[in-house]
Amino acid sequence: MSNALEHPLTAAIKPLLDAVGATAVEPAEARAEDVVLEWDGAPAVAVRLPHLSSALDRLLAEMARQFDGRPLAELDRAEKQRVVALLEERGAFTVRHGVETVASALGVSRFTVYNYLNRQEKG
C-alpha cells in the first residue's frame, strides 16, 4: 500500500491520534519533529504531534464532554474540584499559563484552582 493514510496501522492508531490531537501524514512528508512508524521494516505512516499550546484546550474540551457537555463554569464546586484533579493527573498545569486558563474555563480565580490543587495533595 502506497497511501499511508489507508494503511492498516493508520486505521489502528486513529483513535489514539484523535485522542491526543495528532495527525497522520505520509512518511515522505514527515518533518524532523514527526514520529515515523514502521510496518514490516518499512515506514508506514508519520505522526504529527500537536503543539502544546493546543493541548490544554483539548483537555478542557474533554473535561466538558466527561461532564455531559456542560460548560465547565456551570459545574458545581465538587465537579470543578474533580476537573482540577483530572487535569492535574494529565499534566495540564505544566503548560505555561495552565492555572490561569483552567481558572477562566471554570469561572473561578487562580487562587481557587490553587486551593483545589492543595486540597488534592492533602487528600
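Residues numbered from 1 in each chain as written. Predicted model: local features only at pLDDT ≥ 70, side-chain atom pairs only at ≥ 80, totals over all residues. Heavy atoms only, no water.

Enquirer: When you look at the overall build of the protein in this model, what are you seeing that I'm missing?
Expert: Helices and strands together make up the secondary structure of the protein, namely five helices and three strands. Put simply, the protein runs from its N terminus to its C terminus through helices and strands in the order α-β-β-β-α-α-α-α. Against the 2.2 N^0.38 benchmark of 14 Å for 123 residues, the protein shows a C-alpha radius of gyration of 18 Å, more extended than a compact globule. Taken along its principal axes, the extent of the C-alpha atoms in the protein is 50 × 30 × 25 Å. Sorting the 123 residues of the protein into buried and exposed places 36% on the buried side. Accessible surface, the protein as shown: approximately 7800 Å² in total, 53% of it carbon and sulfur. Between the centroid of the 14 positive side chains of the protein and the centroid of its 18 negative side chains there is a distance of 10 Å. (Helix = DSSP H or I, 4+ residues; strand = E, 2+ residues; numbered from the N terminus. Rg over C-alpha atoms; globule rule 2.2 N^0.38 Å. Buried < 20%, exposed > 50% of the residue type's maximum accessible area, 1.4 Å probe, protein only. Areas by Shrake-Rupley, 256 points an atom, 1.4 Å probe, with all protein chains shown as cover. Lys, Arg positive; Asp, Glu negative; His and termini not counted. Charge placed at Lys NZ, Arg CZ, Asp CG, Glu CD.)

Enquirer: Just checking my understanding: could you explain the packing of helix α3 (residues 77–89) against helix α5 (residues 110–122) for this structure?
Expert: A pair of packed helices can be characterised by two numbers: the angle between their axes and the separation between those axes. Between α3 and α5, the least distance of the axes is 9 Å, while the angle of their chain directions is 75°. Taken together, the axis directions place α3 and α5 in an arrangement best described as roughly perpendicular. Contact residues: α3 offers Arg 77, Lys 80, Gln 81, Val 84, Ala 85 and Glu 88, while α5 offers Val 113, Tyr 116, Leu 117, Arg 119 and Gln 120. When its residues are assigned to classes, the contact of α3 with α5 shows five nonpolar, two polar and four charged. (Axes fitted to C-alpha atoms, helices over the stretch in contact; angles between N-to-C directions. Parallel < 35°, antiparallel > 145°, perpendicular 65-115°, else oblique. Contact = heavy atoms within 4.5 Å. Nonpolar A, V, L, I, M, F, W, Y, C, P; charged D, E, K, R; others polar.)

Enquirer: Could you clarify how one ought to interpret the pattern of salt bridges in this entry?
Expert: Here the structure, examined in full by the defined rule, presents six salt bridges. In this structure, Lys 14 and Asp 18 form a salt bridge, with 2.7 Å as the shortest nitrogen-oxygen distance. Of this pair, Lys 14 and Asp 18 both sit in helix α1 (residues 8–20), separated by four residues, roughly a single helical turn. The salt bridge involving Arg 110 is made with Glu 100; its shortest N-O contact spans 4.0 Å. Residue Arg 110 is found in helix α5, and its partner Glu 100 is found in helix α4 (residues 98–106); the two are separated by ten residues along the sequence. Note on Arg 110: relative accessible area 46%, which makes it partly exposed. (Salt bridge = Lys/Arg side-chain N within 4 Å of Asp/Glu carboxyl O.)

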